[in-house]
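# Descriptive structure summary
The primary structure of each chain is shown beneath.
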Amino acid sequence: MAGKHCNICPLGCGADRAEKKGSCGVGGTDGIGERNPYETAFIARAARHYFEEPSVSGTRGSGAIFFSGCNMSCIFCQNTDISSNIKGRPVDASELGGIMLRMQELGAHNVNLVTPAPHVEMLLKAIPLARAAGLSIPIVYNTNAYEKVETLKRLEGLIDIYLPDLKYTEPIAAKKYSGRADYFEYASKAVLEMFRQCGTLRLDGNGIAERGIIIRHLVLPGSVDEARAVLDFIAEHLPLDTHISLMSQYTPIDGMKPPLDRKLLKREYARAVEYAYGLGFTNLLTQELSSAERDFTPEFNGYFE
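All of these numbers come straight from a predicted model, not from anything done at the bench.

### Side note on the state of the cysteines
Joining two cysteines, a disulfide is a covalent bond between their sulfur atoms. Applying the stated criterion across every chain yields a total of zero disulfides. Cysteine 13 carries a free sulfur, and the closest cysteine sulfur to it, the one in cysteine 6, is 5.4 Å from it. As a non-bridged cysteine, cysteine 74 has cysteine 77 as the owner of its nearest cysteine sulfur, 6.2 Å distant. Classification of cysteine 74 by relative accessible area gives buried; the value is 17%.

Structure, rendered in structure tokens:
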């Protein structure tokens, strides 16, 4: 832990989360009473989720636990209701471990921690508690990749599957769309650390992910060059059998300015896919453009299955 001054993510805001919120929006004592704010999180939803990659959702769903708060400010975020607001139920490490066990009882293929970066201190306690109580399904760390390598190293041995976005390489795009000009500086190193820990994705006999990394990239309208640059980085630094999820599901939010005021064009996505195959990637997951619908975003109403 960063002691009283939080430093677990690249923001390095130094907030004493016992007294006030960090730059990620997490912290302070509102609604958590006497609980330790470093070991308490607001969960907006905990239920089986069927709209992740097929190897993650499978046939029985991924046990998705959606945390409130985020250390990025993506203007196109589909989860903005919880990324820029703190809502849901406050739980401590013991309770979070119980939720993980509940996902296993429901038959989920894995426990899927969505936007976990602000809650690493809690995870360091919750995951061992759940394992000791019988949790045997994989833990998925579903992240925007704006992470510190030294923080990720503390999670080694606890995470089975890393599911990072790799959003941008260029500081201008990262600043314009997510408010983080230094995004790639951190995300590139973070992805390499995730690969070091877990390696190329390993599937069971039914095609369900057991261990490894899946790198996601959302192709944005007008940003095919950025997609190419991301793919170039992966091809240069990781094996060509790395699993890549090249997503076409960008959905414009009211008030967006061009080019983000429209959906991705078929020809834009086709260019990105063609380029990925041209680099020699052998485990490329693509999407239909019909996936760009808000219906795939769950309700964040504090629902616990």
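Moving on from the model shown.
### As for the pairing of strand 2 (residues 62–67)
With six of its six residues buried, strand 2 lies for the most part within the structure. Of the two faces of strand 2, the one holding Ser62, Ala64 and Phe66 and the one holding Gly63, Ile65 and Phe67 are both buried throughout. Of the pairings in the sheet, the one linking strand 1 (residues 40–49) to strand 2 comprises six bridges and is antiparallel in character. Note on strand 2: the bridge partner recorded for arginine 45 is phenylalanine 66. Here strand 2 runs beside strand 4 (residues 111–114); their pairing, made up of four bridges, is parallel.

### Remarks on the nonpolar core
Judged by nonpolar contacts, the single largest core of 77 residues is most densely connected at Ile65 and Met100. In this structure, methionine 100 is in contact with Ile65, Val111, Leu113, Leu123, Ala126, Ile127, Ala130, Leu135 and Ile139, ignoring residues within four places of it in sequence. If you look at the next biggest cluster of nonpolar residues, it comprises seven residues, including Ile161, Leu163, Ala209 and Ile214.

### Examining unusual backbone geometry
Cis rather than trans, the peptide bond between proline 258 and proline 259 has omega equal to 5°. Within the element layout of this structure, proline 259 appears in the loop between strand 9 (243–247) and helix 9 (266–279). Phi is positive for threonine 115, which is not a glycine, with a value near 60°. With respect to the secondary-structure elements, threonine 115 resides in the loop between strand 4 and helix 4 (120–132). Despite not being glycine, alanine 145 has its phi angle at roughly 70°, a positive value. By the element assignment, alanine 145 lies in the loop between strand 5 (139–143) and helix 5 (149–154).

Rules used in this analysis
Residues numbered from 1 in each chain as written. Predicted model: local features only at pLDDT ≥ 70, side-chain atom pairs only at ≥ 80, totals over all residues. Heavy atoms only, no water. Disulfide = S-S within 2.5 Å. Buried < 20%, exposed > 50% of the residue type's maximum accessible area, 1.4 Å probe, protein only. Helix = DSSP H or I, 4+ residues; strand = E, 2+ residues; numbered from the N terminus. Pairing = 2+ DSSP bridges. Core = buried A, V, L, I, M, F, W, Y, C linked by side-chain atoms within 4.5 Å. Contact = heavy atoms within 4.5 Å.

Note that all results are geometric; they support no functional claim without further evidence.
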